[in-house]
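What follows is each chain in one-letter form.
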Amino acid sequence: MFARFLADESGATAIEYGLICAGIGLAILAALNTTGEALVAKFTLLLAAFN
């Protein structure tokens, strides 16, 4: 029974997909953070041009 439990890999795929989703989510957050900072800098420059 214990050997059969160790050989069972039915949950491994779900864990792998979860890790892939977490990695994609982190990549999206990093990209949005970088884009957001650049956008704030451009709006600040634009606002300074109007003042």
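All of these numbers come straight from a predicted model, not from anything done at the bench.

(A) Representation of the overall build of the protein within the structure. Across its full length, the protein carries 2 helices and 0 strands. Taking 2.2 N^0.38 as the reference for a compact globule, 51 residues should give roughly 10 Å; the C-alpha atoms of the protein span a radius of gyration of 23 Å, well beyond that estimate. Dimensions of the protein, computed from C-alpha atoms along their principal axes, come out at roughly 75 × 10 × 5 Å. Across the 51 residues in the protein, those meeting the buried criterion constitute 0%.

(B) Quick look at a nonpolar patch on the surface. Nonpolar side chains collect at one region of the surface, where Y17, I20, I24, I28 and L32 lie side by side and expose about 530 Å² of accessible area between them. Tracing the backbone through its elements, the reader meets Y17 in helix 2 (residues 12–50). Exposure remark for Y17: the relative accessible area of 54% places this residue in the exposed category.

Conventions used here
Residues numbered from 1 in each chain as written. Predicted model: local features only at pLDDT ≥ 70, side-chain atom pairs only at ≥ 80, totals over all residues. Heavy atoms only, no water. Helix = DSSP H or I, 4+ residues; strand = E, 2+ residues; numbered from the N terminus. Rg over C-alpha atoms; globule rule 2.2 N^0.38 Å. Buried < 20%, exposed > 50% of the residue type's maximum accessible area, 1.4 Å probe, protein only. Patch = residues over 30% accessible without salt bridge, like charges linked within 9 Å, V, L, I, M, F, W, Y side chains within 5 Å. Areas by Shrake-Rupley, 256 points an atom, 1.4 Å probe, with all protein chains shown as cover. Salt bridge = Lys/Arg side-chain N within 4 Å of Asp/Glu carboxyl O.

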